[in-house]
Amino acid sequence: MAADGAGNLFIADRFNHRIRKVDSAGVITTVAGTGDYGFSGDGGPAVQAQLTQPRGVALDGAGNLFIADTINHRIRKVDAAGVITTVGGTGDYGFSGDGGPATAAQLYKPNGVAVDGAGNLFIADGGHYRVRKVDAAGVITTVAGTGPFGFGGDGGPAVQAALSNPWGVAVDGGGNLFIADWGNSWIHKVDAAGVITTVAGTGDYGFSGDGGPAVDARLNAPAGVALDGAGNLFIADWGNHLVRKLTPVGGSGTSPAETESFSIPNLGGWTTTSNGTERTTREGYGRIRADAGSTTPSGIAIIGYRPGGVLVAEAGVPASEPVREGRIFAEVNGPVNTGLALANPNDAPATIDFYFTDTDGARFAEGAYVLDAGRQIADFLNETPFNGGDKLSGTFTFTSSLPIAVIALRGFTNRDGEFLMTTLPVAPLATPLTPFNTDTANTGTVYFPHFADGSGWATQVILVNPTDDTIAGTVRFLGQGSATAAAAPAVRTLEDGRTGSSFEYSIPPNGSYRIVTSNPPGGVSVGSVRAIPDNGHRAPSGLVIFSFTSAGKTVLEAGVPALAAGSAFRVYVESSGTPEQAGSIRTGVAITNAADAVNTVTLEVTGLDGTLAAPPDTLTLPPSGQVSRFIDELFDSLPPDFSGVLRVTSTAEVAVVGLRLRYNRRGELKMTTTPPSIETDPPTMMDRYFAHIVDSAWWSTQFILFSGTAGEASSGTLSFIDTAGALWDLPTTNGVSEGSASPD
């Protein structure tokens, strides 16, 4: 049997030579087969085709139905239009065809079928004592079994192991293949590396073992296997007339799951963290999908890198909706490199055209890449398929035939060979202002709510021109101000020797602009930065990157994206451990006043359950002033370990960003930014994506979802998808921050 997402159940009605469907209302119909055994009907309606003792069925994501037409020695497919074709087997029993087209290969009594997320079709070729795979190109190969009847081979390559009449197959999102080895009374697993192990059964026929380890339980000719979303394996124990369940073993609060459900109240949140248990580095993307009638929450995925168990860097990947175009700042130069992750959530390939420009906007490389349906790639810009060269500074621009999820990451390798990460914003392309295009959107000031300069701290201001015309304006540094004085211009000395508080920019079409402060001794200066477009010019996109160097070693880099001002924001916040001690986490918030008058800001903090965690507080910001405080300084009654949402509202416009600081076990400071949601934005029901997630012994990802818009309560699912487009059974720990799950 097989079921689809609409609740329809498909049944291989073996001795009636039919496939039947039971819909969600309980009504049964025939969808393939006439009831007379034989072979006929390819290319026509499946209900007019003959089958002979079909034993297995499977469905793919496109709604195609695959049938193990057992005594016809074929695999048949019924497409969504009800047309039947042969996709494997010639109809003559025997063994042949590996490495060639599946339709030219011989099968012998295929019993079961399964399809993975990449479109690979697995066949229990029972009479040949093998499991075979037909890839998306239609090429057939053997993936388990040697051909002769037998048993043995655990711990080695599955193609060197002996099977005895495999009947059922199933595949999970991690690429693990499960086999019901009927003649040996075993259930085998073949992992993504092709290694076979026994996961249930002793090899002796009989019944025993319920409530204990599955490998110590006796089975009796298991005929089928199936998986659910939680990783539970169900076994049709044919000879014992039972269905048995094998439950994955995990610690308290831990689950290997392809999809996790969430329910978030207004002003609340939800978090789960990958366990860092993948044996090799595994990458992919995450999909946030709202339940029917609900809306999609805001989110951020924080990727942590800890070689040898020591946290080196974190980077926050915001949840975003797919886009068709964008532009990023691109740099490859010695210790600096830029990576790009692209995920195609569509059911068809996406063609992505791209080009590079230097800081002056001149093109110097271009290309195209076809990203297959469901798949993801993550590569540096000097690598295939981008091939931008080993030294570049400028921009990277892409357009896609279908909406794709995108994120860019800047990597910096420090003196000790440690890889630091910063998220780069992906800017939408904009049209220049002309006498015929007077749309004033994206012409206002953009804000960077925090900078730091001096005594080890330095700040880069990077602007990107999102248009095909020159844009011009001024970058202005401002101090914090005080209770009695407006924020004053903050005079900075740049690396190139220029000194001032304001620096004019003129950025060519497609180009970029960068200035870097000089990190003078004698104390740290903090404040805000704003980019003010000249009249009649679009605003730039970009970010500031602030870095901290201690004893000649750069220990952190963190980026603050260019932000628009508003009057209501929400930010995920977190704190744990003793401040400034190893293993501690503290979220700070930086707020800059966009107004030239005194501004009152109200702060409310709620727990993940959406209830107030402390009495509200207010801050008074001077004209153009800035404040940066830790959450535990703003609310001294918060518990030591806290996760929740900070709501920031103001009488006039402000710009806000969260700053997450933590100390690793060596006592080194690490930082990443947690961008805000804009509370006044309209809610959406569209899927959002984390375009890059990663897990291994050295990598982990914390997933954070929170109520981002006014009155928003959300429910839905978070799915994990690997680079091949298959659901990924990622082990996670719910409701625990990464700091608590993996102390440093």
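In this text, all values refer to a predicted model and were calculated from it rather than measured experimentally.

**Structural notes on the overall build of the protein**
Part 1: Tallying secondary structure elements over the protein gives two helices and 54 strands in all.
Part 2: Relative to its length of 744 residues, the protein is compact, with a C-alpha radius of gyration of 29 Å against a globular reference of 27 Å.
Part 3: Projected onto its principal axes, the C-alpha positions of the protein cover 90 × 55 × 50 Å.
Part 4: Looking at the protein residue by residue over its 744 residues, the buried ones come to 55%.
Part 5: If the 45 positive side-chain charges of the protein are averaged to one point and the 72 negative ones to another, these points end up 3 Å apart.

**A closer look at empty space enclosed by the protein**
Part 1: Applying the stated criterion to the full structure yields two cavities of 30 Å³ or more.
Part 2: For the largest cavity, the calculated volume is near 40 Å³.
Part 3: Considering the residues around the second largest cavity, the lining is formed by V312, A313, E314, L420, M421, V555, L556, E557, K670 and M671.
Part 4: Those elements that place two or more of their residues in the lining of the second largest cavity are β25 (313-318), β32 (419-424), β42 (553-561) and β49 (669-674).
Part 5: Per element, the largest residue contribution to the lining of the second largest cavity is three residues, and it comes from β42.

**Side note on the sheet that holds strand β2 (residues 9-13)**
Part 1: Taken in spatial order, the four strands make up an open sheet running β1-β2-β3-β4, and their pairing is antiparallel. Both edges of this open sheet fall to β1 (2-3) and β4 (28-32), since each of them pairs with a single strand only.
Part 2: Pairing of β2 with strand β3 (residues 18-22) involves five bridges; the strand directions are antiparallel. Each residue of the ladder has a partner; that of L9, found in β3, is V22.

**A look at the confidence of the model for the protein**
Part 1: Summarising the model, the protein shows a mean pLDDT of 91, and 95% of its residues fall at 70 or more.
Part 2: Segment residues 249-256 is flagged for pLDDT under 50; beyond a separation of four residues in sequence, or across chains, it makes 17 contacts in the model.
Part 3: With pLDDT under 50 throughout, residues 735-743 is counted as low confidence; its partners more than four residues away or in other chains account for 23 contacts.

**Some details on the pairing of strand β45 (residues 599-607)**
Part 1: Relative to strand β46 (residues 617-621), β45 is paired through five bridges, and the arrangement is antiparallel. Bridging from a neighbouring strand, T602 pairs with T618 of β46.
Part 2: Both β45 and strand β48 (residues 642-663) contribute to a ladder of seven bridges, which runs antiparallel. Looking at the pairing, V601 lines up with S650 of β48.

**A look at unusual backbone geometry**
Glycine aside, a negative phi is what most residues show, and trans is what most peptide bonds show.
Part 1: For the bond from T384 to P385, the omega torsion is 15°, close enough to zero to count as cis.
Part 2: As for its placement among the helices and strands, P385 is situated in the loop between β30 (376-380) and β31 (391-413).
Part 3: The residue K109 is not glycine, and still its phi comes out positive at about 55°.
Part 4: Relative to the helices and strands, K109 resides in the loop between β8 (84-88) and β9 (110-115).

**Concerning the side chain of S700**
Part 1: With respect to the helices, strands and loops of the structure, S700 is situated in strand β52 (residues 699-706).
Part 2: A distance of 3.2 Å separates a polar atom in the side chain of S700 from a polar atom in the side chain of R306.

**Brief notes about the packing of aromatic side chains**
Part 1: Scanning the model with the defined rule gives 22 aromatic pairs in all.
Part 2: Centre to centre, the rings of F354 and F386 are 5.6 Å apart; their planes meet at 70°, and the pair counts as edge-to-face. Separated by 32 residues along the polypeptide, F354 in strand β28 (residues 350-358) and F386 in the loop between β30 and β31 bring together distant segments of the chain.
Part 3: Overall, the relative accessible area of 4% leaves F386 in the buried class.
Part 4: Both rings, one in F354 and one in F396, keep their centres 5.5 Å apart while their planes meet at 25°; by these two values the pair is stacked. Placement of the pair is F354 in strand β28 and F396 in strand β31, with a sequence separation of 42 residues.
Part 5: Overall, F354 belongs to the buried group, its relative accessible area being 3%.
Part 6: For R363, the ring lying beneath its charged end belongs to Y355, and the centroid distance is 3.6 Å.
Part 7: The aromatic ring of F630 is capped on one face by R586, whose charged end is 3.8 Å from the ring centroid.

**Notes on the side chain of S528**
Part 1: Of note, S528 is situated in strand β40 (residues 525-533).
Part 2: Here the side chain of S528 touches T592 through a polar contact of 3.2 Å, side chain to side chain.
Part 3: Not counting residues within four places of it along the chain, the set of residues in contact with S528 comprises F448, P449, H450, F451, R476, F477, L478, T592 and Q626.

**So, the sheet that holds strand β19 (residues 242-246)**
Part 1: The antiparallel open sheet is built from three strands, whose spatial order is β17-β18-β19. Two strands lie at the open edges of the sheet, namely β17 (222-227) and β19, each paired on one side alone. When the angles between neighbouring strand axes are averaged without regard to direction, this sheet yields 20°.
Part 2: Here five bridges tie strand β18 (residues 233-237) to β19, and the two strands are oriented antiparallel to one another.

**Brief notes about the environment of L381**
Part 1: Tracing the sequence through the fold places L381 in the loop between β30 and β31.
Part 2: On the accessibility criterion, L381 (0% relative accessible area) is buried.
Part 3: Through-space distance from the C-alpha of L381 to that of E331 is 8.4 Å; in sequence the pair is 50 residues apart.
Part 4: With near-sequence residues (within four places) excluded, L381 lies in contact with I328, A330, N337, T338, L340, F356, F386, N387, G388, G389 and F396.

**Remarks on the pairing of β9**
Part 1: The buried fraction of β9 amounts to six of the six residues, a majority that puts the element mostly inside the structure.
Part 2: Strand direction decides the pairing type here: β9 and strand β10 (residues 121-125), joined by five bridges, are antiparallel. By the bridge assignment, P110 is partnered in β10 with D125.
Part 3: The turn linking β9 back onto β10 is made up of five residues, and G119 within it adopts a positive phi angle of 90°.

**Thoughts on the pattern of salt bridges**
Part 1: In the structure shown here, the tally under the stated rule is 32 salt bridges.
Part 2: Across the salt bridge formed by R415 and D416, the nearest N and O atoms sit 3.2 Å from each other.
Part 3: On the accessibility criterion, R415 (55% relative accessible area) is exposed.
Part 4: By relative accessible area, D416 is classed as partly exposed at 44%.
Part 5: Across the salt bridge formed by R660 and E574, the nearest N and O atoms sit 2.8 Å from each other. Taken together, the residues span a long stretch of sequence, with R660 in strand β48 and E574 in strand β43 (residues 566-576) at a distance of 86 residues.
Part 6: Overall, E574 belongs to the buried group, its relative accessible area being 1%.

What counts as what
- Residues numbered from 1 in each chain as written.
- Predicted model: local features only at pLDDT ≥ 70, side-chain atom pairs only at ≥ 80, totals over all residues.
- Heavy atoms only, no water.
- Helix = DSSP H or I, 4+ residues; strand = E, 2+ residues; numbered from the N terminus.
- Rg over C-alpha atoms; globule rule 2.2 N^0.38 Å.
- Buried < 20%, exposed > 50% of the residue type's maximum accessible area, 1.4 Å probe, protein only.
- Lys, Arg positive; Asp, Glu negative; His and termini not counted.
- Charge placed at Lys NZ, Arg CZ, Asp CG, Glu CD.
- 1 Å grid on protein atoms, 1.4 Å probe; cavity = no way out; pocket = protein on both sides within 12 Å on 5 of 7 lines; lining within 4 Å.
- Points joined across faces, edges and corners; volume = space filled by probe spheres on them.
- Pairing = 2+ DSSP bridges.
- pLDDT = per-residue confidence, 0-100.
- Contact = heavy atoms within 4.5 Å.
- Polar contact = N/O pair within 3.5 Å; in protein donor to acceptor, adjacent residues only side chain to side chain.
- Phe/Tyr/Trp six-rings, centres within 6.5 Å; stacked < 30°, edge-to-face > 60°.
- Lys NZ or Arg CZ within 6 Å of the ring centre and 35° of its normal.
- Axes fitted to C-alpha atoms, helices over the stretch in contact; angles between N-to-C directions.
- Salt bridge = Lys/Arg side-chain N within 4 Å of Asp/Glu carboxyl O.

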